[in-house]
Amino acid sequence: MTSINRRDFFKFVGAGGAGAGAGYLYAELVKRPQELLVPQVVPPEDYSPGLATWYNTVCNQCSGGCGISVRIREGEAKKIEGNPVHPVNQGRLCALGQSGLNALYNPDRLKTPLRNNNEGRFQGIEWEEAIDELAQKLNESRARRQSDRVQLLTGNIRGHVNGLIGHFMEWVGVASHMQYDFTRPANLYEANQLTFGQSMLPYYDIRNTHYLLSFGADYLGTWLSPVHNSLGYGHLRQGQTEKRGTCIQVEPRMSLSGANADEWLPAVPGSEGSLALGIANVIANGHYTGADQAEWANALTTYTPSNIARLTGISEVDIERIAEEFFTNASLAIAGGAATAGTEGVATHIAVNALNYLAGNIGQKGGVIFNSDPGFAQTSTFEHANYQQMITLAEKMKNNEVDILILHDTNPIFSMPSSSNFQEAMENVPLVVALSGFMDETTAMADLILPTDNYLESWGDDVPEPAVGFSVASISQPVVSRLYDTRSLGDILIDTARMMGTEVSWDSTEAYIQDVWSRIYAQQGGDPSGFDNFWRSALEAGVWGQETASTNQGSTVKPFPVNQLSDVSNKLEGDESEYPFVLHPYLTLTFLDGRGANLPWQQELPDPLTSVVYNSWVELNPGTAVELGVKEGDVLEVTSPSGTIRAPAFIYEAIRPDVVAMPIGQGHEQYGRYAEQRGVNPIDLVVPNFDQRSGALAWAGTRVKILKTGERVLLIKTDGITRTLGRQILGPSEAEHG
Amino acid sequence: MSVLDTIRKYREAGYYKEFDYHWGMTVDLDRCTGCEACVVACQAENNLPIVGESSFAQRREIKWMRIERYWEGEYPNAKLNFIPMFCQQCDEAPCETACPVFATYHNQDGLNTQIYNRCIGTRTCAVYCPYEVRYFNWFTYTWDEPLERQLNPDVSVREKGVMEKCTFCIQRIRQAKDLAKDDDRRKVRDGEVTPACAQSCPTEALVFGDLNDPESRVSKMANDPRGYQVLEEQNTSPSVVYLQKVHGDEEAI
Amino acid sequence: MLSVHNRPPKIQAIAKQEFREGVRVNVSVLEALKPLRKSALLGIIGIVGIVVGLKINAAYSTHLKPVQPIEFSHRIHAGENQIECLYCHSSADRSPSAGVPSVAKCVGCHERIATVRDSAEIAKLNAYWQAQEPIPWIKVHDVPDFVHFTHKRHVLAGLECQQCHGPVETMDRIERVADLTMPWCTDCHTLNQTDNGLDCYTCHK
Ligand code: SF4
Ligand code: SF4
Ligand code: SF4
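Residues numbered from 1 in each chain as written. Chains lettered and ligands numbered in written order. Predicted model: local features only at pLDDT ≥ 70, side-chain atom pairs only at ≥ 80, totals over all residues. Heavy atoms only, no water.

Visitor: Can you help me understand the overall build of chain A in this one?
Guide: In terms of regular secondary structure, chain A is built from 22 helices and 27 strands. Sorting the 738 residues of chain A into buried and exposed places 62% on the buried side. Residue pairs at least 24 apart in sequence account for 73% of intrachain contacts in chain A once pairs closer than 6 positions are excluded. Working note: accessible area of chain A is about 27200 Å², and carbon and sulfur atoms make up 49% of it. Charged side chains in chain A number 52 positive and 85 negative. The centres of these two groups are separated by 7 Å. (Helix = DSSP H or I, 4+ residues; strand = E, 2+ residues; numbered from the N terminus. Buried < 20%, exposed > 50% of the residue type's maximum accessible area, 1.4 Å probe, protein only. Contact = heavy atoms within 4.5 Å. Areas by Shrake-Rupley, 256 points an atom, 1.4 Å probe, with all protein chains shown as cover. Lys, Arg positive; Asp, Glu negative; His and termini not counted. Charge placed at Lys NZ, Arg CZ, Asp CG, Glu CD.)

Structure follows, in structure tokens:
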């Protein structure tokens, strides 16, 4: 036995100790991190851990008015789907609508009230302080009786929140409330007023039509109510028992609807209205037998197929064929997009309305159906601001005629051409208050920012437009509790009015909406004691509707005011010799007018036609590209009479050689981490002309020139080879087509 | 012989005594508009990461459902075709033969599985898949706070080194089976499972169901004379049947 | 890896000899190891130390039986007072997760139980309630995120809670007795011939 000396003893003790320590630590290390099991303090009544609850509300990502169901688990929103019982979208939902979650949980949301310390920095303040400041300024203005020097400017707001705004204006002395939305089809409203006497959107029955003729309207992507249109399209293609519907698309650059059409006709940009009148001419002279036939033939004499063929680049044969097909089939003509965003947008719409009239589509199944009155009539205290009014507002601001500008969810600095100088004009306003959810370009100009709720956190209601053929109203309710210290628009208005000493009988937007609904309920003859039940079931369903006959269906159609037809050739800004290309900006289904650019899912969604992500691009015809020696990714300088921007080239197969197209939506300087400093905004190139009749911006009427800069960038896209190369990917018989 | 008969022929030789289901999908190309609602639906449902611009530039995007574009002809007669592409849940899946650890295998429901905790990331399956619908996690992607609050708790969040692909929304199938059991049914009824993509599709182009059941909607759709399988010649026997687009100049079927 | 060549020279020699001659030579290995005895002892003591360390860890800092924010006793509630498991874990038969009772539920009962109203642990509960804060219980039974486990199906299949959670009604501080590893799951699935119980997609998500 070896003797153990003192040294060894310590060694042994050391080894034992170190071993124990190592063992203990190892056990600690391999342990899974402890998770907590955190219960509710007081559970909501319908809460059950591990089980999802669906709440219905209304989508606010575009103005289509789809109903949505939001899946909630453990108090968090997990998914947005269409509300299956909502007649607009019938359970379906587009990409942008589903990305609403990205807006709710966006890391760049405004979280507290902010005040601009005049050095371009914002400081967080308390709500009381913020409301107090606004109330004080409004009080001063009211004391001076200068309600006309207070301007309320919001985005598109539908439903009874407008009523609350109206009350607010009365209480505190605001004379004007304007709603500005770039995507609003102002020309269509105007044209319908002039031809049908109704400034509303009728129901375009794509579902049941056999022959859909679209002039520039991207009904599958961005036009009016894309999800409802797509449902209709699916039915038109494969659901109709009599016939597979035919789709014709007239536009200089193939949109999503163009790609799905049977025939894509690249008419000369700006001549779409003329083409419509050319077709009308053929119908009026050869097919139409109505009492006013002579009047029509007379009004359309100059629009002979040969003239129109020369003007539009569409052959006479095609014009005559389309006219015949359009007349003999159950047909529908629609217009939108760039085709109606020229200087003669209203005239173009009227020409298309005329086509529908001549082919007898008004009030017909598969045609244009005017909805019955939803029965929610309310006096509107606002007006939809067109571009011209916005310019007037800018001038007023510049001339120091506006003391307080209250903004809500609208971004005119982004969606108006920079040459409109809206931004500079805003600088002259002593107090700009922005009620917004995000720090966008316009909000960044504010002196006071009041953060608003996301639409999934607030109350409201909506009457979808275009409606679906009968009265429908939807309720939007909060589906999650507030994430941050934000308030809804209505609540801020109530708080401000109270701070100014006004007696307000409603405590919140919720109370107001409920009150309005109870009154409507009573008007419709409901038993007052049953309102609670009615309200609960309406909330549960998210939508309330009443099937009524459409006013116009079957009844006699009012004669068409033929004298409203007018010159339809749009003027293009810029000299053709200097600016050889026509700029074709277009709305994308990913960002719409730019509002979707802060949603990471939308940024990562390949553009449906080019598959490009995260950037802007300039689309060129392959022939033009060869001529100019341009390849994909070459950075081009695009210059119009009012500006220059730079973006990489994309060679697009289906665009006229004399047109360059650019998507709208990117090019934000402010709007959170996902949107900022990405791509360019083609609206900045637009020469600010407008339609004389509606005052809407003619954003499709600008000529440009392009210059290769020599720089190259990698245009990130998901597509590789975009030809089937004989592989039978599209089906066994595709070889003949390929 | 319709496409469905071909599929059935292959299934007889399978390695299960009995198939519970044969989950399958039909894609009507005459309805599909390429709107990509399904792409976002899948992203939302299945916790697909936001990979960021630089990963995208390196073609490291992860999209279980994608829309492919194929052009025909030249201007002014250029035509564009869209085709949704996702895992075809092949009966004779080449990817399954490739996996050294059986992280991907065929289960009794006719699904081509992908078991994340088993996957060791050899990426062989992705090479073997003729449809290129397998996506590899090159990094552990994170969500900017509070975006992670939208993550679906019924679906794993994948880490670096794991392959992933369309699962036919297994969590939804599982839930439907769960509810069927509550009713004392062993089998779910037609229409009780709708994957996220099919649920969202605004044109109702996607139909999902059990191909074993001749009465199911998907079986009836698959029997359409327009039905075909992509890359049929590869003999992968996909469970997804595409219905060919009807061209304007042809007579409607 | 230990090759012949880097063993101590003496063993090397013996091994070589053994190898060459192909016969067992009677050499005492212990004899040969004599000079190494101390280091071996040192090693053994180290290893024993590690084991002791692991044991200490398991005894005092275990994740199987963590110290909870409130010394809640299942023995008193489920054992002595015979409260049904589902009374508190109320969603176990209808949801994947069994659920822990809300603070309101705890307080709701305890308000009425005069005998323990003033005890130290109830005071903690009341403190949470007054602050309207949830109790941060430490999870004892935790399955990884890539596993889909549903209480509902197991409860409805007639399994006793104790089958996985052990004799909870006797535990003062809750302790995990089950392995919660995949073989532990699949053994049971195999034994009971669970419908598709071995298919990966049944449990992996
Ligand atoms: S949602 Fe439907 S229509 Fe849109 S791309 Fe997907 S399959 Fe096609
Ligand atoms: S499509 Fe690809 S990943 Fe899917 S089963 Fe077939 S081979 Fe495997
Ligand atoms: S079935 Fe589910 S996982 Fe597969 S593509 Fe559709 S949504 Fe994605």
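Visitor: Please explain the sheet that holds strand 20 (residues 471-476) of chain A as it appears in this structure.
Guide: Two orientations exist for strands paired in a sheet by backbone hydrogen bonds: parallel and antiparallel. Residues and elements named next belong to chain A. The 3 strands lie next to each other as 19-20-21, forming an open sheet whose pairing is antiparallel. Two strands bound the open sheet, and with one partner strand each, they are strand 19 (460-462) and strand 21 (543-546). Each strand axis lies, on average, 15 degrees off the axis of its neighbour in the sheet, ignoring direction. For strand 19 and strand 20, the ladder comprises 3 bridges, and the chain directions are antiparallel. Bridge assignment links D461 to a residue of strand 20, and that residue is I475. (Pairing = 2+ DSSP bridges. Axes fitted to C-alpha atoms, helices over the stretch in contact; angles between N-to-C directions.)

Visitor: What's the story with the interface of chain B and chain C in this structure? I'm lost.
Guide: A common way to report how large an interface is uses the accessible area buried once the components associate. Listed by partner, the interface residues are 25 residues for chain B and 15 residues for chain C. In this assembly, chain B packs against chain C so that about 1700 Å² is buried in total across both faces, 44% of it on carbon and sulfur atoms. Seen at the junction of chain B and chain C, the total is 5 salt bridges. With its nearest N and O atoms 2.6 Å apart, the salt bridge here joins D178(B) to R153(C). A class-by-class count of the residues in the side of chain B that touches chain C yields 8 nonpolar, 8 polar and 9 charged. (Buried area = accessible area lost by both parts, 1.4 Å probe. Salt bridge = Lys/Arg side-chain N within 4 Å of Asp/Glu carboxyl O. Nonpolar A, V, L, I, M, F, W, Y, C, P; charged D, E, K, R; others polar.)

Visitor: For this particular structure, what's the right way to read the site of ligand 1?
Guide: Around ligand 1 there are 13 residues in total, and C32(B), C35(B), E36(B), C38(B) and C201(B) lie nearest to it. Here the residues of the shell around ligand 1 are counted per class, giving 9 nonpolar, 3 polar and 1 charged. (Near = heavy atom within 4 Å.)

Visitor: I keep staring at the interface of chain A and chain B and nothing clicks. Help me out?
Guide: With 85 residues of chain A in contact, the opposing surface of chain B contributes 70 residues. Across the interface of chain A and chain B, roughly 6600 Å² is buried in total on both sides, 53% from carbon and sulfur atoms. Summed over the shared surface of chain A and chain B, the result is 9 salt bridges. The partner of E76(A) in a salt bridge is R149(B), with the nearest N and O atoms 3.1 Å apart. At the junction of chain A and chain B, the tally comes to 41 residue pairs in polar contact (both at pLDDT 80 or more). Looking at the side of chain A that touches chain B, the elements with two or more residues in it are strand 3 (67-73), strand 4 (76-82), helix 2 (95-98), helix 3 (100-104), helix 7 (226-239), helix 8 (256-260), helix 20 (600-603) and helix 22 (734-737) of chain A. Here the side of chain A that touches chain B takes 9 residues from helix 7 of chain A, the largest share from any one element. For the side of chain A that touches chain B, the per-class residue count stands at 39 nonpolar, 25 polar and 21 charged. (Polar contact = N/O pair within 3.5 Å; in protein donor to acceptor, adjacent residues only side chain to side chain.)

Visitor: Whenever I open this one, the pairing of strand 3 of chain A confuses me. Can you help?
Guide: Two faces belong to every sheet, and in a regular strand the side chains alternate between them. Residues and elements named next belong to chain A. With respect to burial, strand 3 is a largely interior element, 7 of its 7 residues being buried. The pairing of strand 2 (residues 53-58) with strand 3 spans 6 bridges and is classified as antiparallel. If you follow N56 over to strand 3, its bridge partner there is S69. Pairing of strand 3 with strand 4, which is carried by 6 bridges, proceeds in the antiparallel orientation. Looking at the pairing, S69 lines up with E81 of strand 4. Connecting strand 3 to the antiparallel partner strand 4 that follows it, the hairpin turn spans 2 residues, and E74 within it adopts a positive phi of roughly 50 degrees.

Visitor: Just to check I follow, could you spell out helix 11 (residues 305-312) of chain A for this structure?
Guide: An α-helix turns once per 3.6 residues; consequently, residues spaced three or four apart project the same way. Residue and element names in this part refer to chain A. Those residues of helix 11 that fall on the buried side of the exposure criterion are P305, I308, A309 and T312. Down the axis of helix 11, the buried set is contained in an arc of 105 degrees. They therefore lie on one face. Buried positions along helix 11 lie against helix 9 (272-286) and helix 12 (316-328). Just beyond helix 11, the residue with positive phi is G313, at close to 85 degrees. (Arc of directions from axis to C-beta.)

Visitor: So what exactly am I meant to see when it comes to the sheet that holds strand 1 (residues 23-28) of chain B here?
Guide: Residues and elements named next belong to chain B. In space, the 4 strands of this open sheet follow the order 6-1-8-7, with mixed pairing throughout. The open sheet is flanked by strand 6 (206-210) and strand 7 (227-228), the only strands paired with a single partner. Two elements, strand 1 and strand 8 (residues 240-243), share 4 bridges in a ladder whose sense is parallel. Each residue of the ladder has a partner; that of T26, found in strand 8, is V241.

Visitor: Would you take a moment to explain the side chain of S216(B) for this structure?
Guide: Residue and element names in this part refer to chain B. One can find S216 in the loop between strand 6 and helix 8 (217-222). Of the residues examined, S216 reaches a relative accessible area of 1% and is grouped as buried. A polar atom in the side chain of S216 sits 2.8 Å from the backbone oxygen of D210. Within the local environment of S216, its side chain forms a polar contact with the backbone oxygen of D213, the two atoms lying 3.0 Å apart. With sequence-adjacent residues up to four places away left out, S216 is seen in contact with D190 and D210.

Visitor: When you look at the domain arrangement of chain A in this model, what are you seeing that I'm missing?
Guide: Here the domain parsing of chain A yields domain 1 (1-37), domain 2 (53-104), domain 3 (114-182 + 376-545), domain 4 (186-369) and domain 5 (581-712). The C-alpha-based centres of domain 1 of chain A and domain 5 of chain A are spaced at 67 Å. (Domains from an automatic or database assignment.)

Visitor: What am I meant to see in the packing of helix 9 of chain A against helix 11 of chain A here?
Guide: Working note: a packed helix pair is described by the angle between its axes plus the distance between those axes. Residue and element names in this part refer to chain A. At a minimum axis distance of 9 Å, the contact between helix 9 and helix 11 shows a crossing angle of 160 degrees. Taken together, the axis directions place helix 9 and helix 11 in an arrangement best described as roughly antiparallel. By crossing handedness, the relation of helix 9 to helix 11 is classed as left-handed. Touching S274, L275, G278, N281 and V282 of helix 9 are P305, I308, L311 and T312, all from helix 11. The residue makeup of the contact of helix 9 with helix 11, split by class, is 5 nonpolar, 4 polar and no charged. (Parallel < 35°, antiparallel > 145°, perpendicular 65-115°, else oblique. Left-handed = near helix turned anticlockwise from the far one by under 90°.)

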